[in-house]
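The primary structure of each chain is shown beneath.
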Amino acid sequence: MTGWIQHLIVAPIVLPLIVVAIMLAFDERRRELKRVLGLSTTVALIAISALLLWLVAGHPEAGIEPGPHVYLLGDWPAPFGIVLVVDRLSAMMLLLTNLLGFTSLFYALARWDRSGPRFHALFLLLLMGVNGAFLTGDIFNLFVFFEVLLAASYGLILHGSGAMRTSASLHYIAINIATSLLFLIGVAMIYSVTGTLNMADLAGRIAAVAREDLVLLESGAAILGVAFLVKAGIWPLSFWLPRTYAAAAPPVAALFAIMSKVGIYIILRLSSLLFGDGSGGAAGFADQWLVYAGLATIVFGTIGILSARSLTQVAGHYVLVSSGTLLAAIGIGGQALTAALLFYLVSSTLAVSALYLIIEPVERNADEEDMIAGIAEPVFDDEYTGALEEDESEIGVVIPGTIAILGGGFIFCALLLAGLPPLSGFIAKFAIVDALFQAPVIAPTSWMLIAVVVCSGLATLIAMTRAGIDLLWTPADDAPARLSLIEVAPIGFLLAVCLALMVGAGPMMAYMEGTAAALRDPAGYIDAVGQAPRFGEVAP
Amino acid sequence: MEIVLSLAIGILTASGLWLLFRPRTFQVILGLSLLSYAVNLFIVAAGRLRTDAPPIVGKDTPADPALYADPLPQALVLTAIVISFATTALLLVVLLASRGLTGTDHVDGEEDDS
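Residues numbered from 1 in each chain as written. Chains lettered and ligands numbered in written order. Predicted model: local features only at pLDDT ≥ 70, side-chain atom pairs only at ≥ 80, totals over all residues.

**Remarks on the overall build of chain B**
Consideration 1: Looking only at helices and strands, chain B has three helices and zero strands in total.
Consideration 2: Reading chain B from its N terminus to its C terminus gives the helix and strand order α-α-α.
Consideration 3: Taking 2.2 N^0.38 as the reference for a compact globule, 114 residues should give roughly 13 Å; the C-alpha atoms of chain B span a radius of gyration of 19 Å, well beyond that estimate.
Consideration 4: Seen along its three principal axes, the alpha-carbon backbone of chain B occupies a region of about 65 × 30 × 15 Å.
Consideration 5: Taken across its 114 residues, chain B has 27% of its residues classed as buried.
Consideration 6: Sequence separation of 24 or more characterises 51% of the internal contacts of chain B that already satisfy a separation of 6 or more. (Helix = DSSP H or I, 4+ residues; strand = E, 2+ residues; numbered from the N terminus. Rg over C-alpha atoms; globule rule 2.2 N^0.38 Å. Buried ≥ 20, exposed ≤ 12 C-beta atoms within 10 Å, placed from the backbone. Contact = placed C-beta atoms within 7 Å.)

**A short note on the confidence of the model for chain A**
Residues and elements named next belong to chain A.
Consideration 1: Of the residues in chain A, 89% reach a pLDDT of 70 or more, and the chain-wide mean stands at 82.
Consideration 2: By mean pLDDT, the top-scoring element of chain A is helix 5 (residues 119-135) (92), and the lowest-scoring one is helix 17 (residues 385-388) (42).
Consideration 3: Low confidence marks residues 368-393, where pLDDT is under 50. Its contacts with residues over four positions away, or in another chain, come to 23 contacts. (pLDDT = per-residue confidence, 0-100.)

**Looking at the pairing of strand 2 (residues 83-86) of chain A**
Regular strands show a simple pattern: their side chains alternate between the two faces of the sheet.
Residues and elements named next belong to chain A.
Consideration 1: Burial of strand 2 is two-sided: the residues Val83 and Val85 facing one way and the residues Leu84 and Val86 facing the other way are all buried.
Consideration 2: Note: strand 1 (residues 69-72) against strand 2, four bridges, orientation antiparallel. Bridge pairing links Tyr71 to Leu84 in strand 2. (Pairing = 2+ DSSP bridges.)

**Topic: unusual backbone geometry**
Excluding glycine, residues mostly have negative phi values, and the peptide bonds linking residues are mostly trans.
Consideration 1: With an omega of 5 degrees, the peptide bond between Trp235 of chain A and Pro236 of chain A qualifies as cis.
Consideration 2: By the secondary structure assignment, Pro236 of chain A is in the loop between helix 9 (211-232) and helix 10 (240-247).
Consideration 3: Within the chain, Asp75 of chain A stands out as a residue other than glycine whose phi angle is a positive 60 degrees.
Consideration 4: Along the chain, Asp75 of chain A turns up in the loop between strand 1 and strand 2.
Consideration 5: Despite not being glycine, Arg48 of chain B shows a phi value in the positive range, around 70 degrees.
Consideration 6: Along the polypeptide, Arg48 of chain B turns up in the loop between helix 2 (25-46) and helix 3 (71-102).
Consideration 7: Exposure remark for Arg48 of chain B: the 12 C-beta atoms within 10 Å place this residue in the exposed category.

What follows is the structure, given as structure tokens:
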């Protein structure tokens, strides 16, 4: 792998950064330009991640070996420099992120990007942070990308302003700063024991850690893990999540669906590298804790879904259920289960994102007054207040039969989230249950996981049916609200991706199984980083 | 030196945590700042405490690791300081916005009457 292809690995980070730098040079009056720039960047990011996915899957006929590809930043050899690694898992997460980025940004063009300044710049910075977190192979660099994505998310949570958003974001920011401090403590403890921050190098050294240092290392890993678990929204560290996501503007919440998955990804990555079978005394660290905490999260999320009084609350608690399912499955482990949980991760993230996008048009139908009042009240009287009143007409074609489209999309979302056949949500849940039954001895925790997964699906179905009848079937006095094509297209696109996931479930599962096998035996990852050739050298 | 540093970290953490759980937004911010100082000191300690040891290899001195302090934690601390400074500044702005919108400096945006 040579030349420009090598540099493709760093593109998901550098491209949005450059575009943001250009965007900052223009003020809000050049909104059309920013829209074109932002949207074309997200399209380019999708293309790049698809290419990276193609690359790591391996194509012998094109001379590309399957396996992880490593990019040495500044051409410093690993483990002294920072490395970016793209392997099957990170390539998949990149593609998922950038798909959500594209659909959410497209949706935001309907009007949301006008309710505050610098929406596009913050949005792309968030994408850059998430992409970086998926690509990096260094724990401290991971912290930096976490901070990039968090800083951008603080701005996006506040986007549109209003008392509720400000109050929710105050909690969100305070919690995340505290979490970042835990992250730093964990990193420092791991460094003090092993003397390295490179993930692959850590994996090699962890088996050699002395018995008396193991406690220190495991405490460090546990503190680090808590930082990611807060992001993933594990019970009892999850009370902020539904409230914050409900307060965010819909396209922002739709993108935030990937943020809880960043925590899951890191836990999956680190438990594969650091606490896999080959890591001596530290092997299988905290797996039981993950299982019980995951189960508790699902139960909490299910109760939350049943008691939610608005659809955004349902969606927020569904994010918790999804995180809990993934964490419990990571804790139980096993190759087949890992493949199934990856499929579930993709399917549930797409479905939640689509739900967040469809909630607003559906609820707008029910009461139009509230929504309009909620969005455009700038707090800061800065130079952009004029820009808000410049152009208030709806953009795009207004579609008749609003209710039919919304209802169809809503039912589609409900089926996906509840995991009913024939959609991809069902395939994902079926794969998880099937993998749990494949174990020679089915542990009590596996039975509990199966039970709560099924119950959470039922609860989701009840809540969605109740909300659907209430919002869509109740006769309204006034005519249905207008729905623009710009809002329908991204929802349709996300649901179409879910359909593709269902139709192409065979090849998708094959890819996930390959990913799970690579996670189970991380030697390929460790060797790829350790032997990464510097510029101009030939790979050994 | 170890006992002084660990006492400093301990006191900063304890005060920071206490302030973090107070109901006023300004106390929360002070708490977070104190906690970040504690964490910065902690990172320095993670690279082992050395006095009179430079972190950079000189031109004429031998490249023997025993003569030098670990430069990596110092680089990490610099990054951590910058990031926590920036996020604290942002939190201050949000604090002011929240105070302006809700009329109270309670973290929940409403006074607890009970």
